[in-house]
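# Chain and residue survey
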Amino acid sequence: MTTALDTRGNPAGFVEKTPEERYAAPEKPSLVGLSRAELAAALGSVGVPAAQQRMRAQQIWNWLYVRGASDFARMTSVSKGVRAALAEKFTFARPEVVAEQVSVDGTRKWLLRLPGENPGGKSQELPHEVECVYIPETDRGTLCVSSQVGCTLTCTFCHTGTQRLVRNLTAGEIVGQVMVARDRLDDWTQEGPRLVTNIVMMGMGEPLYNFEAVRDALLVVADDAGIAMSKRKITLSTSGVVPNIARAGEEIGVMLAISLHAVRDELRDELVPLNRKYPIAELLDACRNYPGVSNARRITFEYVMLKGVNDSLADAKALVKLLKGIPAKINLIPFNPWPGSRYECSDWEQIEKFSEYVFNAGYSSPVRTPRGRDILAACGQLKSATEKLSVRERMALRAMAMTD
């Protein structure tokens, strides 16, 4: 049987957005997110001799990612001449914090402003905005980072999926979110435990449709001589961009999470339309072959609990059968309602029955505690404030937060 294709070669009916804009660097670009080789090249562009570039790049790396420097004046171990030359052409700028919201549960959401497209090289278009969320817990502090302005995909249960895809973020804009969180939380001090201990690429966007920038950013974040986040504490979540899953394991080496949500192709085609391009069998085959997967480095399968849609005991049994042979844990996510959604969260009793069956089958099946619902910061709710909520929507959101 031949599958009908659309004009882009995708299965008919598949919805996949393309970026509407591109990144254009400002007149004075930031050094945040550059690799050591790129930092050395930047130093060369301001006249630093080749013999000194590697050493100077390491000094700047330390000031940026260990001490959290935000301007060149603080770099006292670098000569005044080099500092002045760098300051003329570059900055240490992070994304601009437009707004900060703090949930009743301590979750923080930052609305970050980024440069808009600059097609003619003269005046920039309207700036873009993305969201970044910090979730404090007793034993960790997790930062949820975005990879795109909007999202390539159209998952029907996800608020972010209703947005247009404006553009991919750069490596510097991704690293910059980590820098912003540490700035706002005063998390650069060398004394006491870190507040940001874990990073999840689960914010706005599909990370594997912005592969190179996500890879370069996470390698900066994981570098032992800088932010030094363990790769075992960095999780990349994908809806199933199969060709880039193996690349993620080989070139990044972080933990993998799969946004699964259904055990049958016909349902997943609806919930996660990307499934029409990469169906469940192909996705799970990529998971079985993910570089480094083991019982010590299990793949997390995310499963949002939708009332009367995917939450039956039969679904739980099928899920266990599907994942047989894959070192895995199953993260059950109570659906986070958002204004206009056609889905409801499963009843708590049903979630517990589902979790119990999965657990008894030998899989860890934690139920993710909803966090930040009152500020639209919970899983599946992120959506830039560029698209303003109406008064009616805000009232609905407040009502949901109060009755939850």
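Residues numbered from 1 in each chain as written. Predicted model: local features only at pLDDT ≥ 70, side-chain atom pairs only at ≥ 80, totals over all residues. Heavy atoms only, no water.

### Brief notes about the pattern of salt bridges
Taken as a whole and judged by the stated rule, the model has 20 salt bridges. One salt bridge in this structure joins Glu251 and Arg215, with 2.8 Å as the shortest N-O distance. Here Arg215 lies in helix 5 (residues 211–222) and Glu251 lies in helix 6 (residues 242–251), a separation of 36 residues in the sequence. A cluster of three or more residues bridged by salt bridges with shared partners is formed by Glu212, Arg215, Asp216, Arg247 and Glu251. (Salt bridge = Lys/Arg side-chain N within 4 Å of Asp/Glu carboxyl O. Helix = DSSP H or I, 4+ residues; strand = E, 2+ residues; numbered from the N terminus.)

### Brief notes about the pairing of strand 2 (residues 108–114)
Most of strand 2 is tucked away: five of the seven residues are buried. Relative to strand 2, strand 1 (residues 96–102) is paired through six bridges, and the arrangement is antiparallel. Note that in strand 2 the partner of Glu100 across the bridge is Trp110. Counted between consecutive antiparallel strands, the loop separating strand 1 from strand 2 contains five residues, among which Gly106 sits at a positive phi close to 95°. Two strands pair when backbone bridges link them, and strand 2 and strand 3 (residues 128–136) are joined in this way by seven bridges, in the antiparallel orientation. Bridge pairing in strand 3 places Lys109 opposite Val133. (Buried < 20%, exposed > 50% of the residue type's maximum accessible area, 1.4 Å probe, protein only. Pairing = 2+ DSSP bridges.)

### Examining unusual backbone geometry
Here Ala228, not a glycine, exhibits a phi torsion of approximately 60°, which is positive. Mapped onto the elements of the fold, Ala228 is located in the loop between helix 5 and strand 8 (234–238). Look at His261: it is not a glycine, yet its phi comes out positive at around 75°. With respect to the element layout, His261 can be found in the loop between strand 9 (255–259) and helix 7 (265–271). On the basis of relative accessible area, His261 is assigned to the buried category, the value being 2%.

### Examining the nonpolar core
Among the nonpolar cores identified, the biggest contains 107 residues, and Leu143, Phe157 and Phe301 are the most heavily contacted of them. Here the element with the most residues in this core is helix 5; it accounts for eight residues. (Core = buried A, V, L, I, M, F, W, Y, C linked by side-chain atoms within 4.5 Å.)

Note that every value here comes from positions in space, so none of it alone points to a role or purpose.
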